[in-house]
Amino acid sequence: MSASSLIESRTVYSGQAPGTAIVCGVSDTMMANASVTVVFFFERALDEDRLADGLARALARVPTFAGRIRSSGETLEIVCDDQGVPMTTAEAGQTMAEAIGRVTLPGSGLGDHVDAPAGRAGGQPLFRVRVSRLSDGGTALGCSYHHVLGDMRTFISLMRAWSAAVEGTQLPDVQLVSDMDAYLDSMLPPEDQGRPGIRLLEPDEAARLESEIGSAIMSSRTVQIYFGDAEVSRMRDELSASAGQRLSTNDVLCAHVVTTIRRLDEDLETRSFVTAVDIRRRIGIPLAVVGNLTNEVYISCAAGTPPEQFAAQIRAAVGEFEQSHLSIRSSRAFVDSVGRSRISECVPVGFDLSRRTFSFNSWTRFGLYDISFDGQRPVFFSPAPNIALPWISWMVEGFGNTGLLFTVGVPAKLAGRMRSADGRAALHRYRDPDDELPALAAAARKMI
């Protein structure tokens, strides 16, 4: 396989620098040491000049992505100063199937990962783009953004604006909030469930966590599992019937994968499970508002819990989210009690490697496959994490917007079990031998 070779580097500017300062809320600041990298795959070549021109127009609509972070007292601000977005074009030296098989490897070269800590310190780009020309004529569009900018819905707002600008259609509405905490004060219910969703690390625990992360990076692997539409339908029907209630696709996929992984890992302990919930619709925030507007549902799963029972637990927890899990006000009160200057010493309660807390993010129904450039929609989309941490997972629609792709980090030994014949049989117990799979799914390296 040929190494990637650089063709061109440029910086894309919107041409507008309003200088607006967006005051980051507690939820945004909690994410200020993280970045997100994803890759869209297109069957044919894309016009890089049209991409750059379209991105410039999109950045005028969502100017935070071309801005920079600065500190203001104990708070962070995103300054919309149009310092630009680096955009790199390279020859990848890989076919489409090879690139899809390598997309989750830290060294895949398909995304220029944003350096989140450097971005937090100021002066560094918050969004980076890499266009990889594949050897069989396709294109991989790698996008990496600083998590302080917002959640996946925020990123998709930028992508929809970019797509509309290239295609010459109307750009979507985007709503910037100048002070997120003040805005949430006007939208959140007066009280929440009373328990903060973050915790302060003591120095010894922080050192231990840093060591655990270092070890995990060396010993963990990212595994991708593709579930076809017919397979998912059977799973949902069977588990809903067993549970005696209607379960969502997210409920059953999550419960099936988590309980199967626990079984393959011969794990006999009760473990915690956390999943992110977009609060916009829950409390009446317009979908066009950008920022980190998610909160977490936190439940436990006893060893040996049947998947239909765990799926029903997830359904109940999500259903009573506002009453039993919403914790934004409590988290802010906790930060106020310890001092905002110590927020960098805090972690979400769901981030707990030593206790194997399983974290799940659903990126389905965001319209990822509706993004279009030069009349082309993606044939595949995938997270591209820059490090493999165990027990962190994502779910997105699969090849050509069919089926579902479950991406999860696990220890290397467990990854081997999942990829074994027994592991594949357990994970795909609802697959029929006659189910037709996308050709790229069969060709992708190590995909289950």
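Here is what the cut-offs are and how they apply
Going along each chain's sequence as written, the residues are numbered from 1 onward. Residues qualify for local features only when their pLDDT is at least 70, as the model is predicted, and side-chain atom pairs are given and counted only at 80 or more; totals for whole chains, interfaces and linings, by contrast, use all residues. Excluding hydrogens and water, the side-chain values take into account all heavy atoms of the structure. Fitting a line to C-alpha atoms yields each axis, with helices limited to the stretch in contact; the angle taken between N-to-C directions then spans 0 to 180 degrees. Helical segments are the DSSP runs of H or I of at least four residues, strand segments are the runs of E of at least two, and each set is numbered from the N terminus. What sets the label is the angle itself: under 35 degrees gives roughly parallel, over 145 gives roughly antiparallel, 65 to 115 gives roughly perpendicular, and the rest give oblique. When the near helix sits turned anticlockwise from the far one by under a right angle, the crossing is termed left-handed; a clockwise turn instead gives a right-handed crossing. Residue contacts are defined here by distance: any two heavy atoms, one from each residue, within 4.5 Å place the two residues in contact. Any residue that is not Ala, Val, Leu, Ile, Met, Phe, Trp, Tyr, Cys, Pro, Asp, Glu, Lys or Arg is counted as polar, Gly included; the first ten are nonpolar and the last four charged. By definition, a salt bridge exists where a carboxyl oxygen of Asp or Glu is found within 4 Å of a side-chain nitrogen of Lys or Arg. Burial classes follow relative accessibility: with a 1.4 Å probe on protein chains only, a residue under 20% of its type's maximum area counts as buried, one over 50% as exposed, and anything between as partly exposed. Any Phe, Tyr or Trp ring, taking Trp's six-membered ring, that has another such ring centre within 6.5 Å forms a pair; planes under 30 degrees apart are called stacked, those over 60 apart edge-to-face, and the others tilted. Counted as over-ring charges are cases with an Arg CZ or a Lys NZ within 6 Å of the ring centre that also lie within 35 degrees of the ring normal.

At a closest axis distance of 11 Å, the pairing of helix 6 (residues 180-187) and helix 13 (residues 328-338) adopts a crossing angle of 135°. The angle between the axes of helix 6 and helix 13 places the two elements in the oblique class. Like other packed secondary-structure pairs, helix 6 and helix 13 cross with a definite hand, here left-handed. For the pair formed by helix 6 and helix 13, the contact residues are Asp181, Leu184 and Asp185 on the first element and Ile328, Arg329 and Arg332 on the second. Broken down by class, the residue content of the contact of helix 6 with helix 13 amounts to two nonpolar, no polar and four charged.

Applying the stated criterion to the full structure yields 28 salt bridges. Between Arg431 and Glu231 there is a salt bridge, with its nearest N and O atoms 3.3 Å apart. Highlighted residues: Arg431 in the loop between helix 15 (421-427) and helix 16 (439-443) and Glu231 in helix 8 (residues 229-243), separated in sequence by 200 residues. We classify Arg431 as partly exposed; its relative accessible area is 24%. We classify Glu231 as buried; its relative accessible area is 1%. Residues Arg234 and Asp435 are paired through a salt bridge, measuring 2.8 Å at the closest nitrogen-oxygen approach. Of the two residues, Arg234 is situated in helix 8 and Asp435 in the loop between helix 15 and helix 16; the sequence distance between them amounts to 201 residues. Salt bridges here are not isolated pairs; linked through shared partners, they connect Asp181, Asp185, Arg329, Arg332 and Arg340.

What follows is about the packing of aromatic side chains. Each pair of aromatic rings is reported with the distance of its centres and the angle of its planes. Applying the stated rule across the entire model yields 15 aromatic pairs. Ring geometry for Phe41 versus Phe380: centroids 5.7 Å apart, planes at 45°, classification tilted. Taken as a pair, Phe41 in strand 3 (residues 35-42) and Phe380 in strand 15 (residues 380-383) lie far apart in primary sequence, 339 residues in all. Take Phe41: its relative accessible area is 0%, and that puts it in the buried class. Here a set of aromatic residues connected by ring pairs shows up, and it is made of Phe40, Phe65, Phe127, Tyr145, Phe155 and Phe381. If you follow Arg262 out to its NZ or CZ, it ends over the ring of Trp391, 5.8 Å from the centre.

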